[in-house]
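Residues per chain are reported as follows:
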Amino acid sequence: MEDQTSAEAKIASITRLNGTLLSCFCAIMNGLLAFCGRPKFYPRIESNRQMEKSIDPGRPNMVGVIHTSGGFSQAGIPGLDAVELRVDALLVPPLARQIAELPVAAIVTVRCAEEGGLQSISDENRREKYFALLPTAAAVDLELRSAESMSDLRETILREGKTLILSLHDFHSTPSLTHLKNACAKMRDLGASILKFA
C-alpha cells in the first residue's frame, strides 16, 4: 500500500514538474517569437489539467464533438472519454484556457472547406490555429491530404508526444479496398496513432 502511495506521489510530482517546464518553454517561445515579429504559437497555459488527459488508441473511446460555444458546457457528460473540438465550426476561436479546463481530453480539428470544414480557411490560418491550441490538446486530427503540406505541424505533434489522428474523408463514394489499404500504410508511415475513415 505504501509503495502505491509513493508511486502516486512521484507521478503527481512529475506531472507538476512537466507543467512547470511547459510553462517555462511557452514563455521562452513567446519571447523568441515576439522578438522575431512572429505571432504566438505557444500560448501561456494557466492549467496543467489538460496535460494529464490522453486518448488511449488501444481501446474504444467515446468522443463527443464541440461545434458550438454551448458545447463546452456539455463536455462533462458521463461516459465521454474525449471531445473533438471543431475549430472551423466555431464562430469565435476557443482560447487555450477553455481547452485546458475541459474535463476530458481534447482533439483539435481545423478543417478547410475542401475537407468538409465549415469555413474557407487558408492553410497558413489553419496552421496558426493548430499551433496556438497544440499545448492544451491531447490529440490533433489532420486530414491525410494536409499531412504532407503541414509536415512542420505533424512533426511538432509527434515530438511533443501528442496523439496524431490522420483522417480520410470521401463525401462522394466509398474508396476501393486497395485505396484504403494504401491510405492506411501512408498514414502509419506519417506517424499516425489513430486512423479515421469517413
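See above for the structure.
This one's a predicted model, so the numbers in the text were calculated from it and none came from an experiment.

Rules used throughout
Within each chain, residue numbers correspond to sequence positions counted from 1 in written order. This being a predicted model, a pLDDT of at least 70 is required before a residue's local features are given, and a value of 80 or more before pairs of side-chain atoms are given or counted; all residues contribute to the totals for chains, interfaces and linings. Only heavy atoms go into the side-chain values, all of them from the structure, while hydrogens and water stay out. Throughout, exposure labels follow a simple rule: accessible area from a 1.4 Å probe, protein chains only, divided by the maximum for the residue type, with under 20% read as buried, over 50% as exposed, and the rest as partly exposed. Elements are defined by DSSP. Helices are runs of H or I of four residues or more, strands are runs of E of two residues or more, and each kind is numbered from the N terminus. When DSSP locates at least two bridges between a pair of strands, those strands are taken to pair. Orientation is described by lines fitted to C-alpha atoms, with helices fitted over the stretch in contact, and by angles between N-to-C directions that extend from 0 to 180 degrees. The contact criterion used is simple: two residues touch if any of their non-hydrogen atoms lie within 4.5 Å.

> I'd like a description of the pairing of strand β1 (residues 63–66), backed by residues and values.
Alternating residues of β1 divide into Gly 64 and Ile 66, all buried, and Val 63 and Val 65, none buried. Pairing of β1 with strand β2 (residues 82–86) involves four bridges; the strand directions are parallel. Its bridge partner being in β2, Ile 66 is matched across the sheet by Leu 85.

> Would you mind going over the sheet that holds strand β6 (residues 194–197) in detail, with residue names and values included?
Reading across the sheet, the six strands line up as β1-β2-β3-β4-β5-β6 and stay open at both edges, with parallel pairing between neighbours. Of all strands in the sheet, those with a lone pairing partner are β1 and β6, marking the two edges. Neighbouring strand axes in the sheet, compared pairwise and without regard to direction, differ in orientation by 25 degrees on average. Two elements, strand β5 (residues 163–168) and β6, share four bridges in a ladder whose sense is parallel. The partner of Ile 165 across the bridge, within β6, is Ile 194. Contacts from helix α5 (residues 151–159) reach β4 (139–143) and β5 within the one sheet, and its direction differs from that of β5 by about 140 degrees. Taken strand by strand, helix α6 (residues 177–189) contacts β5 and β6, and its axis lies near 145 degrees from that of β6.

That is the geometry; function is a separate question.
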